[in-house]
Amino acid sequence: MVARHDQTSDPELLAALLQARRGTAFFARKLNELSDAELDGDSLLPGWTRRHITAHIGYNARAIARLIEWAATGVETPMYASTAVRDHEIDFGATLSPIALRHLFDHSAVHLNVEWRDLPEEAWHHTVRTIQGREVPATETVWMRSREVWIHAVDLDNGAVFRDIPVPVLERLLADITGAWHTRGTDAGLLVNVTDRGITFGDTTSATPTVVSGPLAAVVEWAAGRGNGGVTAADQDGAALRQVPPAPKWI
Ligand code: ZN
């Protein structure tokens, strides 16, 4: 008889699991508000319909479940055979009937949740490898899923906005994104000011930076390449720029 509650008792991990489950429920709600015909509509991602988003989220749950099976058994099971296989799978999934697409999302989410729930406490620390080749403890899969469901709920483009995303998720997203810029050095000349947190980051060494400012949700929306409606840009003297520069690439 398998327990009906999480095997881990780590409070930080339990909080992260709750965040991922809430994000999954949020995505489900936005998906269920869409009619079958509306699934054919464009998402916020160039070249992707809402069908592609839904298929991607479904297959993402399966891929992450494979990592949890790996952590549980020690038998290496990668997320995807390759990025080409992943992309092909999404294109295929987008052609499924609406009912099959909705089942894919529902069943894969339930399956992943069961895998998480039943993973023994010590196995959460086992190392697995992401599609990017990063070696991470199994605990990291919770964040990998969280950010997918929260951001792509917005990408469904039927009413979800970055302000709907919980602050801890926004903060971690921003740290991920700016960390990626920093690693690549693509934030040169760019200073970002999060007005409702009183924090500034980016290229603090530039004498003539472009300063992008806005509240946390708006800054993350801009930084994730999802729009610049809530941010403003100015030069180093504070003179407003007519156009907000696009954020450096993130993924
Ligand atoms: Zn994604």
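Residues numbered from 1 in each chain as written. Predicted model: local features only at pLDDT ≥ 70, side-chain atom pairs only at ≥ 80, totals over all residues. Heavy atoms only, no water.

1. Here we look at the sheet that holds strand S4 (residues 199-202)
Then step 1. Strands sit in the order S4-S3-S5-S6 across an open sheet of 4 strands; the sheet is mixed. This sheet does not close on itself; its edge strands, each paired only once, are S4 and strand S6 (232-234). Averaged over neighbouring strand pairs, the angle between their axes works out to 25° when direction is ignored.
Then step 2. Sheet analysis places strand S3 (residues 190-194) next to S4, joined by 4 bridges and oriented antiparallel. Pairing of Val-194 across the sheet is with Ile-199, part of S4. (Pairing = 2+ DSSP bridges. Helix = DSSP H or I, 4+ residues; strand = E, 2+ residues; numbered from the N terminus. Axes fitted to C-alpha atoms, helices over the stretch in contact; angles between N-to-C directions.)

2. A closer look at the environment of Gln-132
Then step 1. Topologically, Gln-132 is positioned in the loop between strand S1 (127-129) and strand S2 (135-137).
Then step 2. Through-space distance from the C-alpha of Gln-132 to that of Met-79 is 9.9 Å; in sequence the pair is 53 residues apart.

3. Some thoughts on the nonpolar core
As a rule of thumb, soluble globular proteins bury nonpolar side chains together.
Then step 1. Formed by 48 residues in total, the largest nonpolar core has its most connected members in Phe-27, Phe-162, Leu-174 and Trp-222.
Then step 2. Broken down by secondary-structure element, the contributors of at least two residues to this core are helix H1 (11-32), helix H2 (50-73), helix H4 (98-118), helix H5 (140-155), helix H6 (167-184), S3 and helix H7 (216-223).
Then step 3. A domain split of this core shows at least three residues from each of domain 1 (11-160) and domain 2 (167-234).
Then step 4. When near neighbours in sequence (up to four residues on either side) are disregarded, Phe-162 contacts Val-154, Leu-170, Ala-217, Val-220, Glu-221, Ala-224 and Arg-226.
Then step 5. By size, the runner-up hydrophobic cluster in this structure holds 23 residues, among which are Ile-64, Tyr-80, Val-128 and Met-144. (Core = buried A, V, L, I, M, F, W, Y, C linked by side-chain atoms within 4.5 Å. Buried < 20%, exposed > 50% of the residue type's maximum accessible area, 1.4 Å probe, protein only. Domains from an automatic or database assignment. Contact = heavy atoms within 4.5 Å.)

4. Observations concerning the packing of H2 against H5
Then step 1. Close contact between H2 and H5 brings their axes to 11 Å; oriented N to C, the two are set at 175°. Comparing their axes, H5 and H2 come out roughly antiparallel. Between H2, through Ile-53, His-56, Ile-57, Asn-60, Ala-61, Ile-64, Leu-67 and Ile-68, and H5, the contact on the second element is made entirely by Thr-141, Met-144, Arg-145, Glu-148, Val-149, His-152 and Asp-155.
Then step 2. Of the residues contributing to the contact of H2 with H5, the split by class is 8 nonpolar, 4 polar and 3 charged. (Parallel < 35°, antiparallel > 145°, perpendicular 65-115°, else oblique. Nonpolar A, V, L, I, M, F, W, Y, C, P; charged D, E, K, R; others polar.)

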